[in-house]
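Fold and geometry: a report
These are the residues of each chain, in order.
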Number of protein chains: 2
Amino acid sequence: MTPPPPPPALQKNQLFVGTFVHSKSLNQLEYLHDASVAVDKSGRIVAIELQCRDQATAAETLCSKLGWDAAADVEVRVCKEGQFFFPGFIDTHIHAPQYPNAGIFGNSTLLDWLNKYTFPMEASLAALPRARRVYSQVVRRTLSHGTTAAAYYATIDVAATNLLADLCLAAGQRAFVGRVCMDRNAPDNYIDKGGPAAVLARTMETIDHMRTIDPEGDIVAPILTPRFAPACTPETMSRLGDVARDQDLRIQTHISENVGEIALVREQYPDSRDYASVYDMFGLLTKRTVLAHAVHLTDDEVALVAKRGAKVAHCPCSNSALTSGECPVRWLLDRDIDVGLGTDVSGGYAPSILEAARLASLVSRHLAMPYNSQGDAARAPSDVDKKRREEATLGVEEVLHLATRGGAKVLGLDHKVGGFEVGMEWDAQLVGLNMVADNGDDEGDDESNSNNGCGVIVADPHEGNVDVFGWETWDERIAKWLFNGDDRNTKMVWVKGRLVHQRPSS
Amino acid sequence: MTPPPPPPALQKNQLFVGTFVHSKSLNQLEYLHDASVAVDKSGRIVAIELQCRDQATAAETLCSKLGWDAAADVEVRVCKEGQFFFPGFIDTHIHAPQYPNAGIFGNSTLLDWLNKYTFPMEASLAALPRARRVYSQVVRRTLSHGTTAAAYYATIDVAATNLLADLCLAAGQRAFVGRVCMDRNAPDNYIDKGGPAAVLARTMETIDHMRTIDPEGDIVAPILTPRFAPACTPETMSRLGDVARDQDLRIQTHISENVGEIALVREQYPDSRDYASVYDMFGLLTKRTVLAHAVHLTDDEVALVAKRGAKVAHCPCSNSALTSGECPVRWLLDRDIDVGLGTDVSGGYAPSILEAARLASLVSRHLAMPYNSQGDAARAPSDVDKKRREEATLGVEEVLHLATRGGAKVLGLDHKVGGFEVGMEWDAQLVGLNMVADNGDDEGDDESNSNNGCGVIVADPHEGNVDVFGWETWDERIAKWLFNGDDRNTKMVWVKGRLVHQRPSS
């Protein structure tokens with residue numbers, strides 16, 4: 001099967017006019033109102049102009065400055081009331097083949113969940129028509145939730161992994177795609193066979209494919225993906241470490257998600273100081289490594305991760321659903337570890353980074369909670385511990401930082417995406433909230449969302465659940481979006497200047 | 001202002017045909033496939049027929065049995081593929097006037113949250129146009145999420161409370177509406193003035209209004225609402241207890257949500273054994289009492305609550321958002337306390353009971369989690385405690401039970417609603433999931449949700465986020481709905497046989 005052709009180049013320069021919201025620092029959002037952002041045909045932000053009250057002013061000022069022909073050469077997009085531009089979300093950890101299992105996990109925890117739900121589903125995607133159906137839906141859904149870049153785990157299958165890369169490229173979603181390496185502790189029908197050399201060879205096949213379809217790695221690029229220490233032989237990990245070093249490749253894997261998993265690693269590597277040291281020993285703990293979960297790291301491990309410059313993908317939906325634990329994000333950030341968010345579909349139930357951000361905030365509150373009284377009263381935490389827990393809480397600004405700038409750092413894209421700055425690329429979403437009509441009783445003057453006279457209220461299919469009454473501050477609007485928003489609020493999505501997703505009423 | 005007229009009586013008998021899913025017991029869902037449910041003009045289920053493979057069979061069998069004229073007198077609704085009927089959700093705890101603050105809580109906890117966000121918003125709804133705008137939207141939104149019955153807190157304002165009751169009646173949503181009583185520890189501009197007699201008189205005004213607009217209390221009925229112990233004088237609580245006893249009225253209040261609140265009650269009632277005993281002393285702990293939260297109850301309190309037959313509204317979204325704590329639901333259920341779910345808008349950020357059910361499941365997992373390693377390792381839980389925590393996990397079936405049958409018990413409606421049984425009333429929702437097309441690449445044969453040929457994927461506004469590939473079991477479909485469903489999946493909503501909400505493409 002020939003891969004689909006890459007998306008066509010942009011035909012026009014673009015001007016975006018209205019309100020722009022992005023993360024300025026970990027705990028601060030910046031609001032640029034009445035602003036205009038100019039994006040050239042390469043998808044790059046070439047100018048940002050403030051105080052452009054209207055489209056005419058914006059076009060006039062910026063086009064003359066840039067030497068653009070406003071009439072022929074420029075497409076203009078202006079925010080409507082209740083809308084704003086926000087950087088695209090970055091999903092630092094998602095398993096594309098597990099998508100059909102989203103929400104299906106019963107009362108399992110990591111190790112039984114892998115065997116019961118995950119390995120059978122992944123194995124089944126060796127059938128390419130099935131892989132195409134599933135992967136197409138994953139890319140479509142994540143784009144619809146505003147995910148402009150994702151670090152995907154595929155399966156062990158070469159052809160299906162290449163197909164996922166093709167589909168991301170065709171849809172225009174930035175993707176790091178990794179063939180999963182796993183040559184032990186896996187079922188007979190879903191295990192890398194033939195020894196470490198064969199594992200490497202299959203991995204190189206997928207890397208070569210991605211380098212062929214996207215030579216610059218601008219949209220799609222490979223990432224080495226040893227599943228996790230328990231599933232890879234030492235020899236395979238060692239060879240992957242060598243390749244990573246020789247070719248300066250990105251790496252993604254899992255660490256310290258679940259207490260049973262940690263015990264397993266300790267059994268496998270009795271002489272290793274800890275889990276992080278296992279990866280380090282094989283050259284897999286680098287500044288280009290994305291470690292998913294990091295829920296139960298010890299002090300020593302955090303120090304090592306920080307020293308190596310490795311990154312963390314925090315996956316709160318998954319950690320809650322699989323009863324894994326509560327990742328102490330604040331503690332990692334305080335040690336200068338870069339943290340982004342991951343949906344971890346389908347350990348995580350939702351393909352939405354907005355949901356992950358919401359849960360990141362809630363999970364941080366669980367860390368900060370007073371102990372429950374039954375049984376725990378006798379074990380009141382020490383003052384030091386209490387303080388650490390209370391400081392754990394992550395606010396709206398912080399989780400949205402993790403969802404954008406944080407994720408960009410984790411994937412090594414922070415020079416390109418995550419915020420609106422001249423020189424960066426236009427990976428963005430247009431967000432629209434629902435402005436509640438002023439006639440609370442809706443007396444027949446509005447067809448949508450109204451009582452139709454027979455007493456039946458008919459919903460507006462486009463509006464979503466974020467109700468803005470008009471008196472809210474901008475910080476409050478953003479908080480409302482974080483806590484009640486969904487894909488209906490993501491009206492349009494661009495990657496590198498190209499419109500890749502939109503809703504019918506945008 | 002004259003209240004709107006009550007909804008018209010049903011003109012036809014109704015037959016519902018297809019798959020019916022409801023809770024059979026705490027941990028079991030029952031699936032009735034190829035079934036038909038007959039609902040008469042009073043909104044009551046009069047017959048359930050199994051093995052009706054099609055509409056014709058259903059109509060024939062049931063109509064002849066019931067003596068209905070199938071041609072003239074019966075409306076038939078048949079499930080489409082991916083659709084099923086489910087009981088309406090029951091919200092046992094929601095503050096209608098706080099709805100505009102949904103999602104807005106910063107890093108506050110209960111007591112500062114009340115002063116900073118809540119009291120000012122509630123006070124502002126003394127302006128009736130504003131109250132009408134807000135309350136209309138609350139009723140519309142909760143109905144759109146499948147909430148067929150709700151226990152509402154209004155404000156201290158009589159006219160606005162009566163307006164909320166009017167709006168519920170007009171929309172056809174079952175509602176217990178309570179004027180909030182609070183005559184101490186509240187701001188000057190938002191406090192019940194004039195002493196206990198005046199508090200009682202204002203409360204009776206709203207009770208009388210509801211008894212006038214809905215004499216049977218079939219759709220709208222009053223509920224006594226002392227805000228919580230810290231905000232009511234002992235004399236007021238005592239009088240409310242008397243009225244509750246004399247008129248056999250329902251009661252709703254808050255208990256043991258937050259450690260600061262508990263300390264405050266202890267200061268106010270140094271001679272009372274505990275928080276629950278304060279309510280009990282005033283006759284407010286009855287089998288018709290709904291206690292919201294119950295996060296930090298002691299053994300003694302749980303025993304007292306169980307003895308009195310009082311009920312608990314579990315509000316997981318709120319308890320997580322306000323960092324209140326993790327309610328040990330399993331422990332309450334094991335002591336034979338009835339538990340339902342509450343959105344607790346706007347301590348809870350979402351007006352959806354499906355979201356509350358999802359969070360109930362996740363919060364139960366936080367209770368069951370291993371302690372986080374940093375700082376906690378030295379304080380490993382005892383075996384007894386470990387077991388209690390591990391048993392805490394609530395599964396899909398259990399949280400959906402709480403959302404329907406559990407809520408019905410909490411509100412004293414379990415003889416009427418919460419499941420599909422002959423003699424019960426038709427409070428139901430038609431749920432539809434998205435059947436993923438078989439052509440994963442969507443090659444142009446489908447206008448919606450497709451790649452439009454220019455590389456832009458256009459979303460289908462109707463489909464929601466629950467993707468069914470076709471190979472899932474019914475249990476798996478329900479799990480997918482629980483974890484990724486939203487109001488888009490609730491296609492139609494009925495209360496007492498009457499269609500009260502629908503989506504344009506249902």
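Since this is a predicted model, take the numbers as computed values, not measurements. Sequence order as written defines the numbering, with residues in each chain counted from 1. Following the order in which they are written, the chains are lettered starting with A and the ligands numbered starting with 1. In keeping with the model being predicted, local features are shown solely for residues with a pLDDT of at least 70 and side-chain atom pairs are shown and tallied solely at 80 or more, while totals for entire chains, interfaces and linings include all residues. To obtain the side-chain values, all non-hydrogen atoms of the structure were used and water was disregarded.

**Structural notes on the overall build of chain A**
- Looking only at helices and strands, chain A features 16 helices and 22 strands.
- In terms of overall dimensions, chain A is globule-like: its C-alpha atoms have a radius of gyration of 23 Å, near the 23 Å expected for 506 residues.
- Reported as C-alpha extents along the three principal axes, the dimensions of chain A are approximately 70 × 60 × 50 Å.
- Relative accessibility under 20% of the residue-type maximum defines a buried residue, over 50% an exposed one, and the middle range a partly exposed one, all with a 1.4 Å probe and only protein chains included. The buried share of chain A, taken over its 506 residues, is 66%.
- By sequence separation, contacts in chain A at least 24 residues apart represent 73% of the contacts at least 6 residues apart.
- For the accessible areas, the method is Shrake-Rupley and the probe is 1.4 Å, while residue cover comes only from the protein chains on display. When the accessible surface of chain A is totalled, it reaches about 16500 Å², and 50% of it is carbon and sulfur.
- Across chain A, the mean location of the 50 positive side-chain charges is 5 Å away from that of the 68 negative side-chain charges. Helix and strand assignments follow DSSP, with helices taken as H or I runs no shorter than four residues and strands as E runs no shorter than two, numbered in order from the N terminus. Radius of gyration means the value over C-alpha atoms here, while the globule rule gives 2.2 Å times the residue count to the 0.38 power. Should any heavy atoms of two residues lie within 4.5 Å, those residues are considered in contact. Asp and Glu count as negative and Lys and Arg as positive, but His and the ends of the chain are not part of the count. Every charge is mapped to an atom, namely NZ of Lys, CZ of Arg, CG of Asp or CD of Glu.

**So, the sheet that holds strand S14 (residues 311–314) of chain A**
Residues and elements named next belong to chain A.
- Two strands are said to pair when DSSP picks up at least two bridges between them. If you walk across this open sheet you meet the four strands as S12-S13-S14-S15, and the pairing is parallel. Edge positions in the open sheet fall to strand S12 (251–255) and strand S15 (339–341), since each of these has one partner strand only. When the angles between neighbouring strand axes are averaged without regard to direction, this sheet yields 30°.
- Judged from the five bridges that link them, S12 and strand S13 (residues 289–293) form a sheet pairing that is parallel. Each residue of the ladder has a partner; that of Thr253, found in S13, is Leu291.
- Along the sheet, helix H15 (residues 396–410) contacts S13, S14 and S15; its crossing angle with S15, the most-contacted strand, is approximately 115°. Only C-alpha atoms enter the line fits that serve as axes; for helices the fit covers just the stretch in contact. Angles between N-to-C directions range over 0 to 180 degrees.

**So, the pairing of strand S3 (residues 45–49) of chain B**
Residues and elements named next belong to chain B.
- Relative to S3, strand S2 (residues 28–39) runs antiparallel, the two being bridged by four bridges. Within S3, the residue paired with Ser36 across the bridge is Glu49.
- Hairpin geometry of S2 and S3 is characterised by an intervening segment of five residues between the two adjacent antiparallel strands and by a positive phi of about 85° at Gly43.

**Some details on the relation of the copies chain A and chain B**
- The fit set for superposing copies consists of C-alpha atoms from residues with pLDDT of at least 70 in both; the fit itself is least squares. In the superposition of chain A on chain B (RMSD 0.0 Å, axial shift 0.0 Å), the rotation amounts to 180°. What the superposition gives is, in effect, a two-fold axis relating one chain to the other. The position closest to the rotation axis in chain A is occupied by the C-alpha of Pro461(A), lying 3.0 Å away.
- Mapped onto chain B, 99% of the interface residues of chain A are again interface residues, and the two copies thus contact each other with one and the same surface.

**Comments concerning the sheet that holds strand S10 (residues 220–222) of chain A**
Residues and elements named next belong to chain A.
- Read across the open sheet, the four strands follow the order S6-S7-S8-S10; overall the sheet is parallel. At either margin of the open sheet sits one strand with a lone partner, and together these are strand S6 (89–95) and S10. The mean inter-strand angle of the sheet, taken between neighbouring strand axes irrespective of direction, is 15°.
- Against the sheet, helix H3 (residues 128–144) contacts S6 and strand S7 (147–153), and its axis sits at roughly 140° relative to S7.

**Overview of the domain arrangement of chain A**
All names here are of chain A.
- Segment limits for the domains were obtained from an automatic or database-derived domain assignment. As assigned here, chain A comprises domain 1 (11–88 + 419–506) and domain 2 (89–410).
- Centre-to-centre separation of domain 1 and domain 2, based on C-alpha positions: 31 Å.
- Taken together, the contacts link 35 residues of domain 1 with 31 residues of domain 2.
- Of the roughly 2600 Å² buried at the junction of domain 1 and domain 2 (both faces included), carbon and sulfur atoms supply 62%.
- In this description, buried area is defined as the sum, over both parts, of the accessible area (probe of 1.4 Å) that is lost when the two are combined. If you sort the residues of domain 1 by the area they bury against domain 2, Leu26, Leu482 and Phe483 come out on top, with a joint share of 26%.
- Salt bridge, as used here: a side-chain nitrogen of Lys or Arg that lies within 4 Å of a carboxyl oxygen of Asp or Glu. Here domain 1 is connected to domain 2 by four salt bridges.
- N or O atoms closer than or at 3.5 Å make up a polar contact, with two conditions inside protein: a donor-capable atom paired with an acceptor-capable one, and, for residues adjacent in sequence, both atoms drawn from side chains. Our enumeration of links across domain 1 and domain 2 arrives at 10 residue pairs in polar contact (both at pLDDT 80 or more).
- Those elements that provide at least two residues to the side of domain 1 that touches domain 2 are strand S1 (13–25), strand S2 (28–39), strand S5 (83–87), strand S16 (428–432), helix H16 (474–484), strand S21 (490–495) and strand S22 (498–502).
- With six residues, H16 is the single largest residue contributor to the side of domain 1 that touches domain 2.

**A word on the packing of aromatic side chains**
- Side-chain rings of Phe, Tyr and Trp (the six-membered ring for Trp) are treated as a pair once their centres are within 6.5 Å; stacked means planes under 30 degrees apart, edge-to-face means over 60, and tilted covers the remaining angles. Throughout the structure, instances matching the rule amount to 48 aromatic pairs over all chains.
- With a centroid separation of 5.9 Å and an interplanar angle of 55°, the aromatic rings of Trp426(A) and Trp494(A) are classed as tilted. Here the residue Trp426(A) occupies a position in the loop between H15 and S16, and Trp494(A) occupies one in strand S21, the gap between them amounting to 68 residues.
- Using a relative accessible area of 2% as the deciding quantity, one classes Trp494(A) as buried.
- An aromatic cluster of at least three residues, connected via ring pairs, comprises Phe16(A), Phe20(A), Phe85(A), Phe420(A), Trp426(A) and Trp494(A).
- Comment: the charge-over-ring label is applied if NZ (Lys) or CZ (Arg) is within 6 Å of the ring centre and within 35 degrees of the ring normal. Looking at Arg130(B), its charged tip hangs above the ring of Trp471(A), at a distance of 3.7 Å from the centre.
- Sitting over the ring of Trp474(B), Arg477(B) keeps its end group 5.2 Å from the ring centre.

**Observations regarding the environment of Gly419(A)**
Residue and element names in this part refer to chain A.
- Counting through the fold element by element, Gly419 comes out in the loop between H15 and S16.
- By relative accessible area, which is 4% here, Gly419 ends up buried.
- Between the C-alpha atoms of Gly419 and Ser42, which are 377 residues apart in sequence, the distance is 17 Å.

**What about the nonpolar core?**
- We call a set of buried Ala, Val, Leu, Ile, Met, Phe, Trp, Tyr and Cys residues a nonpolar core when their side-chain atoms join them within 4.5 Å. The biggest cluster of nonpolar side chains holds 184 residues, and the ones touching the most others in it are Tyr279(A), Leu400(A), Trp481(A), Tyr279(B), Leu400(B) and Trp481(B).
- Excluding its chain neighbours within four sequence positions, the residues that come into contact with Tyr279(B) are Phe228(B), Ala229(B), Met237(B), Thr253(B), His254(B), Ile255(B), Leu284(B), Leu285(B) and Leu291(B).

**A few points about helix H12 (residues 353–368) of chain B**
Residues and elements named next belong to chain B.
- Between its first and last C-alpha atoms H12 spans 22 Å; for 16 residues at 1.5 Å apiece the expected length is 22 Å, and the two agree.
- Most of H12 is tucked away: 16 of the 16 residues are buried.
- Measuring from the side-chain oxygen of the N-cap residue of H12 to the backbone nitrogen of Leu354 gives 3.2 Å; that N-cap residue is Ser352. To estimate how far a helix should extend, the number of its residues minus one is multiplied by 1.5 Å.

**Focus on the interface of chain A and chain B**
- With 100 residues of chain A in contact, the opposing surface of chain B contributes 99 residues.
- When the two sides are added together, the surface that chain A and chain B hide from each other amounts to roughly 8400 Å², 51% of it contributed by carbon and sulfur.
- Salt-bridge contacts for Arg488(B) lead to Asp486(A); the nearest nitrogen and oxygen are separated by 3.7 Å.
- The tally of links between chain A and chain B comes to 44 residue pairs in polar contact (both at pLDDT 80 or more).
- Of all the elements in the fold, those that place two or more residues in the side of chain A that touches chain B are H3, helix H10 (316–321), helix H12 (353–368), helix H13 (373–376), helix H14 (383–390), strand S19 (457–458), H16 and S22 of chain A.
- Per-element accounting of the side of chain A that touches chain B gives the leading share, nine residues, to H3(A).
- Residue polarity follows a fixed list, in which Ala, Val, Leu, Ile, Met, Phe, Trp, Tyr, Cys and Pro are nonpolar, Asp, Glu, Lys and Arg are charged, and the others, Gly among them, are polar. Of the residues in the side of chain A that touches chain B, the class split is 43 nonpolar, 30 polar and 27 charged.

**Some thoughts on the pairing of S14(A)**
Residue and element names in this part refer to chain A.
- Residues Lys311 and Ala313 line one face of S14 and the alternating positions Val312 and His314 line the opposite face, and both faces are buried.
- In this sheet, S14 lies alongside S13 in parallel orientation, the contact comprising three bridges. Following the sheet pairing, Val290 is matched in S14 by Lys311.
- With strands facing away from the observer, any crossover in which the path from the first strand over the helix to the second runs clockwise is taken as right-handed. Handedness of the crossover joining S13 and S14 through helix H9 (residues 299–308): right-handed.
- In this structure, S14 lies alongside S15, joined through three bridges in parallel fashion. Residue His314 lies in a different strand from S15, and its bridge partner there is Leu341.

**Quick word on the confidence of the model for chain A**
All names here are of chain A.
- Chain-level pLDDT for chain A is 92 on average; 93% of the residues reach the 70-or-more range.
- Note: pLDDT gives the predictor's confidence per residue, expressed from 0 to 100. This stretch, residues 372–379, has a pLDDT under 50; its non-local contacts, to residues over four places away or in other chains, come to 23 contacts.
- Here residues 440–453 scores under 50 on pLDDT; set against residues more than four positions off or in separate chains, the count is 24 contacts.

**Overview of the side chain of Glu49(A)**
All names here are of chain A.
- Relative to the assigned elements, Glu49 resides in strand S3 (residues 45–49).
- A distance of 2.8 Å separates polar atoms of two side chains, one belonging to Glu49 and the other to Lys65.
- With near-sequence residues (within four places) excluded, Glu49 lies in contact with Asp34, Ala35, Ser36, Thr61, Leu62 and Lys65.

**Regarding the state of the cysteines**
- In what follows, a disulfide is any cysteine sulfur pair within 2.5 Å. Inspection of every chain in the model, using the stated rule, returns zero disulfides over all chains.
- Distance from the sulfur of Cys52(A), which forms no disulfide, to the nearest cysteine sulfur (Cys63(A)) is 11 Å.
- By relative accessible area, Cys52(A) is classed as buried at 1%.
- The cysteine Cys317(B) is free of any disulfide, with Cys315(B) supplying the nearest cysteine sulfur at 8.7 Å.

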